[in-house]
Amino acid sequence: RRTRVAVVFGGRSTEHGVSCVSARSVLTHLDSTRFEVVPVGIAPNGAWVLGTDDPKALEIRDRSLPEVPENGTAVVLPGDPTRRDVVLLEPGRAGDVFSGIDVVFPVLHGAFGEDGTIQGLLEMAGLPYVGPGVLASAASMDKEFTKKLLAAEGMPSVPYEVLRRDQATLTEQQRERLGLPVFVKPSRAGSSIGISKVTDWADLDAAIELARRTDPKVLVEKGCVVREIEVGVLEFPDGRVEASLPAEIRMLESAAADWYDFDSKYLDADQACEVDIPAKLDDELSARIRAMSVAAFHALDCQGLARVDFFVTADGTPIINEINTMPGFTPISMYPKVWAVTGVDYPTLLTTLIETAIARGTGLR
Ligand code: ATP
Ligand code: MG
Ligand code: MG
Ligand code: MG
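This section reports on the structure supplied with the text. Computed from a predicted structure; not experimentally measured.

### Remarks on the overall build of the protein
Turning to step 1, where the next piece is worked out: Within the protein one finds eleven helices and 16 strands.
Turning to step 2, where the next piece is worked out: In summary, the protein has a C-alpha radius of gyration of 20 Å against a globular reference of 21 Å for 365 residues, a match within 12%.
Turning to step 3, where the next piece is worked out: For the protein, the spread of C-alpha atoms along the principal axes amounts to about 65 × 45 × 40 Å.
Turning to step 4, where the next piece is worked out: The 365 residues of the protein split such that 55% are buried.
Turning to step 5, where the next piece is worked out: Of the contacts formed within the protein by residues at least 6 apart in sequence, a portion of 66% connects residues at least 24 apart.
Turning to step 6, where the next piece is worked out: For the protein, the accessible area works out to roughly 15,600 Å², and carbon and sulfur atoms hold 51% of it.
Turning to step 7, where the next piece is worked out: In the protein, which carries 37 positive and 53 negative side-chain charges, the distance between the mean positions of the two groups comes to 2 Å.

See below:
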(Lines give C-alpha, C1' and ligand atoms only; values in the text may rest on other atoms or scores of the structure.)
(Ligands and ions follow the chains in the order given, each with its own letter.)
Protein backbone atom coordinates (compact mmCIF):
# COMPACT_ATOMS: atom_id res chain seq x y z
CA ARG A 1 0.00 0.00 0.00
CA ARG A 2 0.98 3.66 -0.25
CA THR A 3 2.93 5.25 2.60
CA ARG A 4 0.45 6.91 4.96
CA VAL A 5 1.57 10.43 5.88
CA ALA A 6 -0.16 12.55 8.51
CA VAL A 7 0.37 16.16 7.39
CA VAL A 8 -0.09 18.35 10.47
CA PHE A 9 -0.64 22.09 10.04
CA GLY A 10 -1.94 25.26 11.70
CA GLY A 11 -0.95 25.15 15.33
CA ARG A 12 -0.86 27.40 18.35
CA SER A 13 1.92 29.76 17.32
CA THR A 14 1.80 33.21 15.76
CA GLU A 15 2.75 31.45 12.50
CA HIS A 16 -0.52 29.47 12.32
CA GLY A 17 -1.54 31.04 9.01
CA VAL A 18 1.89 30.66 7.40
CA SER A 19 1.80 26.97 8.36
CA CYS A 20 -1.54 26.55 6.55
CA VAL A 21 -0.09 28.12 3.40
CA SER A 22 3.01 25.89 3.69
CA ALA A 23 0.77 22.83 4.09
CA ARG A 24 -1.20 23.81 1.00
CA SER A 25 2.00 23.56 -1.05
CA VAL A 26 3.08 20.32 0.58
CA LEU A 27 -0.34 18.75 -0.09
CA THR A 28 -0.33 19.78 -3.74
CA HIS A 29 3.25 18.60 -4.42
CA LEU A 30 3.26 15.25 -2.60
CA ASP A 31 3.57 12.34 -5.03
CA SER A 32 0.08 10.84 -4.74
CA THR A 33 1.15 7.56 -6.35
CA ARG A 34 3.39 6.90 -3.34
CA PHE A 35 1.77 8.74 -0.47
CA GLU A 36 -1.66 8.74 1.07
CA VAL A 37 -2.33 11.89 3.10
CA VAL A 38 -4.19 12.19 6.36
CA PRO A 39 -4.61 15.94 6.88
CA VAL A 40 -4.54 16.92 10.55
CA GLY A 41 -5.28 20.51 11.49
CA ILE A 42 -4.45 22.17 14.79
CA ALA A 43 -6.77 25.09 15.52
CA PRO A 44 -5.26 28.25 17.05
CA ASN A 45 -6.53 27.18 20.48
CA GLY A 46 -4.68 23.85 20.17
CA ALA A 47 -7.62 21.59 19.21
CA TRP A 48 -6.62 18.76 16.84
CA VAL A 49 -9.18 18.26 14.07
CA LEU A 50 -9.47 16.45 10.77
CA GLY A 51 -7.96 19.04 8.45
CA THR A 52 -8.94 20.01 4.94
CA ASP A 53 -6.99 18.89 1.89
CA ASP A 54 -8.75 21.48 -0.27
CA PRO A 55 -6.05 23.89 -1.50
CA LYS A 56 -8.64 26.67 -1.83
CA ALA A 57 -9.24 26.64 1.91
CA LEU A 58 -5.53 27.15 2.60
CA GLU A 59 -4.86 30.28 0.52
CA ILE A 60 -4.05 33.85 1.45
CA ARG A 61 -7.12 35.91 0.52
CA ASP A 62 -7.44 39.71 0.67
CA ARG A 63 -4.23 39.89 2.68
CA SER A 64 -5.63 37.59 5.34
CA LEU A 65 -4.06 34.25 6.15
CA PRO A 66 -6.04 31.01 6.36
CA GLU A 67 -6.99 29.40 9.67
CA VAL A 68 -7.85 25.85 10.77
CA PRO A 69 -11.49 25.93 11.93
CA GLU A 70 -12.78 23.74 14.73
CA ASN A 71 -15.14 21.57 12.72
CA GLY A 72 -16.61 19.16 15.25
CA THR A 73 -14.05 16.42 14.66
CA ALA A 74 -11.39 15.51 17.16
CA VAL A 75 -8.16 13.79 16.24
CA VAL A 76 -6.32 11.95 18.96
CA LEU A 77 -2.76 10.67 18.85
CA PRO A 78 -2.34 7.67 21.17
CA GLY A 79 0.88 7.91 23.16
CA ASP A 80 1.44 4.20 22.66
CA PRO A 81 4.44 3.36 20.47
CA THR A 82 2.95 0.02 19.42
CA ARG A 83 -0.08 1.58 17.73
CA ARG A 84 0.98 4.14 15.11
CA ASP A 85 -2.55 5.48 14.79
CA VAL A 86 -4.22 8.76 14.76
CA VAL A 87 -7.77 8.22 15.88
CA LEU A 88 -10.53 10.33 14.47
CA LEU A 89 -13.39 10.90 16.83
CA GLU A 90 -16.38 12.13 14.95
CA PRO A 91 -19.92 12.22 16.24
CA GLY A 92 -21.97 9.55 14.48
CA ARG A 93 -18.96 7.77 12.99
CA ALA A 94 -16.75 5.05 14.40
CA GLY A 95 -13.34 6.06 15.67
CA ASP A 96 -10.01 4.58 14.67
CA VAL A 97 -10.30 5.67 11.07
CA PHE A 98 -6.65 6.22 10.27
CA SER A 99 -4.74 3.34 11.74
CA GLY A 100 -1.27 2.53 10.53
CA ILE A 101 0.22 6.00 10.06
CA ASP A 102 3.75 5.50 8.72
CA VAL A 103 5.15 8.97 9.24
CA VAL A 104 4.12 12.45 10.38
CA PHE A 105 5.01 15.62 8.50
CA PRO A 106 4.63 18.46 11.02
CA VAL A 107 4.35 21.41 8.64
CA LEU A 108 4.26 23.68 11.68
CA HIS A 109 6.25 26.84 12.27
CA GLY A 110 7.13 28.44 15.60
CA ALA A 111 6.14 27.46 19.13
CA PHE A 112 4.43 24.07 19.65
CA GLY A 113 5.57 22.85 16.24
CA GLU A 114 9.09 23.81 15.34
CA ASP A 115 10.39 23.89 18.91
CA GLY A 116 10.65 20.25 20.01
CA THR A 117 7.24 20.00 21.65
CA ILE A 118 5.36 18.07 18.96
CA GLN A 119 8.60 16.20 18.25
CA GLY A 120 8.54 15.00 21.87
CA LEU A 121 4.92 13.92 21.51
CA LEU A 122 5.76 11.95 18.35
CA GLU A 123 8.79 10.32 19.99
CA MET A 124 6.52 9.18 22.81
CA ALA A 125 4.01 7.83 20.29
CA GLY A 126 6.75 6.05 18.32
CA LEU A 127 5.80 7.83 15.11
CA PRO A 128 8.64 8.85 12.77
CA TYR A 129 8.44 12.49 11.68
CA VAL A 130 9.99 14.81 9.15
CA GLY A 131 12.60 17.22 10.47
CA PRO A 132 14.96 17.51 13.40
CA GLY A 133 14.36 15.88 16.76
CA VAL A 134 13.57 17.37 20.15
CA LEU A 135 16.91 18.92 21.05
CA ALA A 136 17.71 20.42 17.64
CA SER A 137 14.20 21.80 17.25
CA ALA A 138 14.19 23.39 20.69
CA ALA A 139 17.71 24.81 20.38
CA SER A 140 17.17 26.18 16.87
CA MET A 141 13.86 27.80 17.81
CA ASP A 142 15.52 29.65 20.67
CA LYS A 143 17.83 32.26 19.16
CA GLU A 144 19.82 32.58 22.41
CA PHE A 145 20.77 28.89 22.35
CA THR A 146 21.32 28.80 18.61
CA LYS A 147 24.03 31.42 19.10
CA LYS A 148 25.55 29.59 22.07
CA LEU A 149 25.79 26.27 20.24
CA LEU A 150 27.21 27.92 17.11
CA ALA A 151 29.80 29.74 19.22
CA ALA A 152 30.82 26.41 20.78
CA GLU A 153 31.76 25.24 17.28
CA GLY A 154 33.67 28.42 16.51
CA MET A 155 30.95 30.11 14.48
CA PRO A 156 30.32 33.63 15.76
CA SER A 157 26.94 35.32 15.39
CA VAL A 158 25.70 38.89 15.61
CA PRO A 159 26.40 40.60 18.98
CA TYR A 160 23.31 40.54 21.20
CA GLU A 161 21.88 40.99 24.67
CA VAL A 162 19.19 38.81 26.26
CA LEU A 163 16.35 40.41 28.19
CA ARG A 164 14.79 37.88 30.51
CA ARG A 165 11.47 38.46 32.22
CA ASP A 166 13.13 40.30 35.09
CA GLN A 167 14.91 42.87 32.90
CA ALA A 168 12.65 45.56 31.45
CA THR A 169 15.09 47.25 29.11
CA LEU A 170 18.77 47.55 28.14
CA THR A 171 21.19 49.29 30.50
CA GLU A 172 23.19 52.30 29.26
CA GLN A 173 26.22 50.07 29.02
CA GLN A 174 24.39 47.50 26.89
CA ARG A 175 23.13 50.25 24.58
CA GLU A 176 26.67 51.54 24.13
CA ARG A 177 27.99 48.07 23.39
CA LEU A 178 25.44 47.37 20.63
CA GLY A 179 25.01 50.84 19.12
CA LEU A 180 22.17 51.78 16.74
CA PRO A 181 20.38 50.38 14.86
CA VAL A 182 19.36 47.30 16.80
CA PHE A 183 16.89 44.52 15.96
CA VAL A 184 14.58 43.54 18.80
CA LYS A 185 13.24 39.98 18.54
CA PRO A 186 11.26 37.43 20.48
CA SER A 187 13.82 34.74 21.32
CA ARG A 188 11.48 31.98 20.06
CA ALA A 189 9.44 32.95 17.00
CA GLY A 190 9.57 33.18 13.24
CA SER A 191 8.27 34.86 10.07
CA SER A 192 9.64 38.14 11.49
CA ILE A 193 6.61 38.30 13.81
CA GLY A 194 7.33 40.51 16.82
CA ILE A 195 10.59 41.87 15.36
CA SER A 196 11.34 45.60 15.11
CA LYS A 197 14.26 47.58 13.80
CA VAL A 198 15.06 50.37 16.26
CA THR A 199 16.96 53.40 15.00
CA ASP A 200 16.29 55.67 18.01
CA TRP A 201 16.64 54.52 21.64
CA ALA A 202 13.36 56.33 22.38
CA ASP A 203 11.60 53.52 20.47
CA LEU A 204 13.37 50.66 22.23
CA ASP A 205 10.88 50.00 25.03
CA ALA A 206 7.90 49.82 22.67
CA ALA A 207 9.83 47.33 20.53
CA ILE A 208 10.63 45.20 23.59
CA GLU A 209 6.97 45.25 24.57
CA LEU A 210 5.95 44.12 21.08
CA ALA A 211 8.46 41.25 21.10
CA ARG A 212 7.27 40.22 24.57
CA ARG A 213 3.76 39.64 23.24
CA THR A 214 5.27 36.62 21.46
CA ASP A 215 7.95 35.57 23.94
CA PRO A 216 8.76 36.89 27.43
CA LYS A 217 12.44 36.37 26.55
CA VAL A 218 13.65 39.03 24.12
CA LEU A 219 16.89 39.39 22.18
CA VAL A 220 18.35 42.75 21.18
CA GLU A 221 20.86 42.39 18.35
CA LYS A 222 23.28 44.73 16.73
CA GLY A 223 21.97 45.66 13.26
CA CYS A 224 24.55 44.45 10.79
CA VAL A 225 23.14 43.22 7.55
CA VAL A 226 24.67 44.14 4.26
CA ARG A 227 23.54 41.12 2.27
CA GLU A 228 21.05 38.40 3.23
CA ILE A 229 21.72 34.83 2.13
CA GLU A 230 19.73 31.65 2.80
CA VAL A 231 20.79 28.03 2.30
CA GLY A 232 18.74 24.83 2.45
CA VAL A 233 20.24 21.79 4.14
CA LEU A 234 18.84 18.34 3.39
CA GLU A 235 19.59 14.93 4.85
CA PHE A 236 19.19 11.94 2.55
CA PRO A 237 17.91 8.53 3.71
CA ASP A 238 21.49 7.15 3.83
CA GLY A 239 22.52 9.91 6.25
CA ARG A 240 24.33 12.10 3.73
CA VAL A 241 23.83 15.83 4.48
CA GLU A 242 24.01 18.38 1.66
CA ALA A 243 23.69 22.14 1.32
CA SER A 244 21.76 23.72 -1.54
CA LEU A 245 23.06 26.56 -3.65
CA PRO A 246 22.74 29.80 -1.64
CA ALA A 247 20.00 32.31 -2.43
CA GLU A 248 20.06 36.05 -1.83
CA ILE A 249 17.18 38.28 -0.79
CA ARG A 250 17.52 41.86 -1.99
CA MET A 251 15.13 44.44 -0.60
CA LEU A 252 13.86 46.85 -3.27
CA GLU A 253 13.55 50.64 -3.05
CA SER A 254 9.77 50.21 -3.41
CA ALA A 255 9.58 48.12 -0.21
CA ALA A 256 7.78 49.60 2.77
CA ALA A 257 10.54 48.35 5.11
CA ASP A 258 14.31 48.18 4.61
CA TRP A 259 14.47 44.71 6.17
CA TYR A 260 12.75 41.39 5.55
CA ASP A 261 9.62 41.85 7.65
CA PHE A 262 6.36 39.82 7.63
CA ASP A 263 4.69 41.84 4.87
CA SER A 264 7.77 41.61 2.62
CA LYS A 265 7.83 37.83 3.13
CA TYR A 266 4.20 36.96 2.53
CA LEU A 267 1.96 39.86 1.53
CA ASP A 268 3.96 42.27 -0.65
CA ALA A 269 6.75 39.99 -1.82
CA ASP A 270 6.56 41.28 -5.41
CA GLN A 271 7.10 44.95 -4.54
CA ALA A 272 9.33 44.35 -1.52
CA CYS A 273 12.14 42.11 -2.63
CA GLU A 274 13.91 40.26 -5.34
CA VAL A 275 15.45 36.86 -4.90
CA ASP A 276 18.57 35.65 -6.70
CA ILE A 277 18.75 31.86 -6.91
CA PRO A 278 21.56 31.10 -6.91
CA ALA A 279 22.97 34.16 -5.15
CA LYS A 280 25.57 36.09 -7.12
CA LEU A 281 28.54 35.23 -4.90
CA ASP A 282 32.07 34.37 -5.91
CA ASP A 283 32.76 30.64 -5.87
CA GLU A 284 34.91 30.76 -2.77
CA LEU A 285 32.34 32.61 -0.66
CA SER A 286 29.54 30.39 -1.95
CA ALA A 287 31.48 27.24 -1.03
CA ARG A 288 32.30 28.69 2.39
CA ILE A 289 28.67 29.53 3.11
CA ARG A 290 27.54 26.05 2.04
CA ALA A 291 30.16 24.41 4.27
CA MET A 292 29.10 26.64 7.18
CA SER A 293 25.46 25.60 6.62
CA VAL A 294 26.30 21.93 7.02
CA ALA A 295 28.52 22.72 10.04
CA ALA A 296 25.65 24.69 11.62
CA PHE A 297 23.24 21.81 10.91
CA HIS A 298 25.52 19.52 12.90
CA ALA A 299 26.30 22.12 15.59
CA LEU A 300 22.59 22.19 16.40
CA ASP A 301 22.35 18.38 16.05
CA CYS A 302 19.78 18.70 13.26
CA GLN A 303 18.28 15.88 11.24
CA GLY A 304 16.19 15.89 8.09
CA LEU A 305 16.26 19.50 7.05
CA ALA A 306 17.01 23.07 8.04
CA ARG A 307 17.29 26.46 6.41
CA VAL A 308 20.30 28.45 7.56
CA ASP A 309 19.97 32.26 7.32
CA PHE A 310 23.14 34.33 6.87
CA PHE A 311 24.24 37.93 6.78
CA VAL A 312 27.29 38.93 4.79
CA THR A 313 28.90 41.98 6.42
CA ALA A 314 30.55 44.91 4.66
CA ASP A 315 33.96 43.23 4.68
CA GLY A 316 32.55 40.11 3.03
CA THR A 317 32.38 37.92 6.15
CA PRO A 318 29.44 35.50 6.36
CA ILE A 319 27.73 35.35 9.77
CA ILE A 320 24.91 32.98 10.65
CA ASN A 321 21.78 34.86 11.71
CA GLU A 322 19.58 31.89 12.64
CA ILE A 323 18.47 28.37 11.78
CA ASN A 324 14.94 27.29 10.91
CA THR A 325 14.15 23.62 11.40
CA MET A 326 10.79 23.75 9.62
CA PRO A 327 11.29 26.49 7.07
CA GLY A 328 8.43 27.84 4.97
CA PHE A 329 7.09 25.57 2.24
CA THR A 330 4.79 28.17 0.67
CA PRO A 331 4.90 28.68 -3.12
CA ILE A 332 7.22 31.67 -2.63
CA SER A 333 9.31 30.08 0.13
CA MET A 334 13.04 29.80 -0.23
CA TYR A 335 13.58 26.20 0.90
CA PRO A 336 11.80 24.40 -1.97
CA LYS A 337 13.09 26.99 -4.44
CA VAL A 338 16.77 26.61 -3.57
CA TRP A 339 16.47 22.83 -3.84
CA ALA A 340 14.75 23.08 -7.21
CA VAL A 341 17.69 25.11 -8.53
CA THR A 342 20.12 22.65 -6.94
CA GLY A 343 18.47 19.79 -8.84
CA VAL A 344 15.90 18.42 -6.37
CA ASP A 345 12.39 19.29 -7.57
CA TYR A 346 9.55 19.84 -5.09
CA PRO A 347 7.97 16.34 -5.22
CA THR A 348 11.42 14.69 -4.99
CA LEU A 349 12.29 16.96 -2.06
CA LEU A 350 9.16 15.88 -0.17
CA THR A 351 9.79 12.21 -0.98
CA THR A 352 13.37 12.55 0.31
CA LEU A 353 12.23 14.23 3.53
CA ILE A 354 9.69 11.48 4.20
CA GLU A 355 12.05 8.62 3.33
CA THR A 356 14.76 10.11 5.55
CA ALA A 357 12.27 10.37 8.42
CA ILE A 358 11.24 6.73 8.01
CA ALA A 359 14.86 5.57 7.71
CA ARG A 360 15.72 7.40 10.95
CA GLY A 361 12.70 6.23 12.94
CA THR A 362 12.24 7.37 16.52
CA GLY A 363 14.31 6.85 19.64
CA LEU A 364 18.08 6.70 19.76
CA ARG A 365 18.65 5.25 16.34
P1 ATP B 1 12.17 33.45 9.71
O2 ATP B 1 12.10 32.32 10.67
O3 ATP B 1 10.90 33.69 8.97
O4 ATP B 1 13.36 33.42 8.79
P5 ATP B 1 12.60 35.08 12.13
O6 ATP B 1 11.33 35.60 12.68
O7 ATP B 1 13.22 33.91 12.80
O8 ATP B 1 12.39 34.80 10.57
P9 ATP B 1 15.09 36.57 11.65
O10 ATP B 1 15.40 35.75 10.47
O11 ATP B 1 16.03 36.51 12.79
O12 ATP B 1 13.61 36.30 12.17
O13 ATP B 1 14.97 38.09 11.22
C14 ATP B 1 14.05 38.50 10.25
C15 ATP B 1 14.67 39.56 9.37
O16 ATP B 1 15.00 40.71 10.14
C17 ATP B 1 15.98 39.14 8.72
O18 ATP B 1 15.73 38.38 7.56
C19 ATP B 1 16.61 40.51 8.44
O20 ATP B 1 16.02 41.16 7.32
C21 ATP B 1 16.21 41.30 9.69
N22 ATP B 1 17.22 41.19 10.74
C23 ATP B 1 17.17 40.35 11.79
N24 ATP B 1 18.24 40.49 12.60
C25 ATP B 1 19.01 41.43 12.04
C26 ATP B 1 20.26 42.03 12.39
N27 ATP B 1 20.90 41.69 13.51
N28 ATP B 1 20.76 42.97 11.56
C29 ATP B 1 20.10 43.34 10.45
N30 ATP B 1 18.92 42.81 10.05
C31 ATP B 1 18.37 41.88 10.84
MG1 MG C 1 13.58 32.01 12.05
MG1 MG D 1 11.20 30.49 10.78
MG1 MG E 1 15.21 34.23 9.23
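### Details of the sheet that holds strand β10 (residues 218-222)
Turning to step 1, where the next piece is worked out: Across the sheet, which stays open at both edges, the four strands sit in the order β7-β10-β8-β9 with antiparallel pairing between neighbours. Bordering the open sheet on either side are β7 (160-163) and β9 (196-198), each of which pairs with just one other strand. Taking the axes of each pair of neighbouring strands and ignoring which way they run, one obtains an average angle of 25° across the sheet.
Turning to step 2, where the next piece is worked out: With three bridges joining them, strand β8 (residues 182-186) and β9 adopt antiparallel strand pairing. Among the inter-strand pairings, V182 is bridged to a residue of β9, identified as V198.
Turning to step 3, where the next piece is worked out: Seen against the sheet, helix α6 (residues 204-212) touches β7, β8, β9 and β10 and runs at an angle of roughly 25° to β8.

### Quick word on the coordination of the magnesium ion (ligand 2)
Turning to step 1, where the next piece is worked out: For the magnesium ion (ligand 2), the full set of protein donor atoms is E322 (OE), E322 (OE) and N324 (OD1), and the range of their distances to it is 2.1 to 2.4 Å.
Turning to step 2, where the next piece is worked out: Between the magnesium ion (ligand 2) and the magnesium ion (ligand 3), the interatomic distance is 3.1 Å, and N324 donates to each metal, bridging them.
Turning to step 3, where the next piece is worked out: Overall, E322 belongs to the buried group, its relative accessible area being 10%.

### Regarding unusual backbone geometry
Turning to step 1, where the next piece is worked out: The omega torsion across L180 and P181 is -5°, close enough to zero to call that bond cis.
Turning to step 2, where the next piece is worked out: Structurally, P181 is set in the loop between α5 (172-178) and β8.
Turning to step 3, where the next piece is worked out: Here the bond from I277 into P278 is cis, since omega is 0°, no more than 30 degrees from zero.
Turning to step 4, where the next piece is worked out: The topology assignment puts P278 in the loop between β14 (273-276) and α9 (283-299).
Turning to step 5, where the next piece is worked out: Look at S191: it is not a glycine, yet its phi comes out positive at around 60°.
Turning to step 6, where the next piece is worked out: Within the element layout of this structure, S191 appears in the loop between β8 and β9.
Turning to step 7, where the next piece is worked out: Backbone geometry at S192 places phi at a positive 65°, although glycine is not the residue there.
Turning to step 8, where the next piece is worked out: The exposure class of S192 is buried, given its relative accessible area of 10%.

### Digging into the site of ligand 1
Turning to step 1, where the next piece is worked out: Taken together, 24 residues lie around ligand 1, and K143, K185, S192, E228 and N324 are the ones closest in.
Turning to step 2, where the next piece is worked out: R307 places a polar side-chain atom, nitrogen or oxygen, 2.8 Å from an oxygen atom of ligand 1.
Turning to step 3, where the next piece is worked out: N321 is positioned such that a nitrogen or oxygen atom in its side chain is 3.2 Å from an oxygen atom of ligand 1.
Turning to step 4, where the next piece is worked out: Here ligand 1 has 620 Å² of accessible area as a free molecule, and 97% of this is covered by the chains.
Turning to step 5, where the next piece is worked out: At the level of secondary structure, the elements contributing two or more residues to the shell around ligand 1 comprise β8, β10, β15 (305-312) and β16 (318-324).
Turning to step 6, where the next piece is worked out: Residue classes in the shell around ligand 1 are distributed as nine nonpolar, six polar and nine charged.
Turning to step 7, where the next piece is worked out: Each of domain 2 (139-156 + 225-360) and domain 3 (160-222) contributes no fewer than three residues to the shell around ligand 1.

### Here's the deal with the packing of helix α1 (residues 16-29) against helix α11 (residues 346-360)
Turning to step 1, where the next piece is worked out: The interhelical angle for the contact between α1 and α11, taken along N-to-C directions, is 95°, at an axis separation of 9 Å. Our classification of the angle between α1 and α11 gives roughly perpendicular. Contacts from S25, V26 and H29 of α1 reach α11 at Y346, P347 and L350.
Turning to step 2, where the next piece is worked out: Broken down by class, the residue content of the contact of α1 with α11 amounts to four nonpolar, two polar and no charged.

### Some points on the pattern of salt bridges
Turning to step 1, where the next piece is worked out: Under the counting rule described, the total for this entry stands at 27 salt bridges.
Turning to step 2, where the next piece is worked out: With a shortest N-O distance of 2.8 Å, K217 and D142 are connected by a salt bridge. Residue K217 is located in the loop between α6 and β10, and its partner D142 is located in the loop between α3 (134-141) and α4 (143-152); the two are separated by 75 residues in the primary sequence. Residue K217 shares its accessibility class with D142, and that shared class is buried.
Turning to step 3, where the next piece is worked out: For the salt bridge of R240 with D238, the shortest nitrogen-to-oxygen distance reads 3.5 Å.
Turning to step 4, where the next piece is worked out: Judged by relative accessible area, which is 61%, D238 ranks as exposed.
Turning to step 5, where the next piece is worked out: Each of D142, E144, K148, R164 and K217 takes part in a single network of salt bridges with overlapping partners.

What counts and how
- Residues numbered from 1 in each chain as written.
- Chains lettered and ligands numbered in written order.
- Predicted model: local features only at pLDDT ≥ 70, side-chain atom pairs only at ≥ 80, totals over all residues.
- Heavy atoms only, no water.
- Helix = DSSP H or I, 4+ residues; strand = E, 2+ residues; numbered from the N terminus.
- Rg over C-alpha atoms; globule rule 2.2 N^0.38 Å.
- Buried < 20%, exposed > 50% of the residue type's maximum accessible area, 1.4 Å probe, protein only.
- Contact = heavy atoms within 4.5 Å.
- Areas by Shrake-Rupley, 256 points an atom, 1.4 Å probe, with all protein chains shown as cover.
- Lys, Arg positive; Asp, Glu negative; His and termini not counted.
- Charge placed at Lys NZ, Arg CZ, Asp CG, Glu CD.
- Pairing = 2+ DSSP bridges.
- Axes fitted to C-alpha atoms, helices over the stretch in contact; angles between N-to-C directions.
- Donors = N, O, S within 2.8 Å, 3.2 Å for Na, K, Ca; no water.
- Near = heavy atom within 4 Å.
- Polar contact = N/O pair within 3.5 Å; in protein donor to acceptor, adjacent residues only side chain to side chain.
- Nonpolar A, V, L, I, M, F, W, Y, C, P; charged D, E, K, R; others polar.
- Domains from an automatic or database assignment.
- Parallel < 35°, antiparallel > 145°, perpendicular 65-115°, else oblique.
- Salt bridge = Lys/Arg side-chain N within 4 Å of Asp/Glu carboxyl O.

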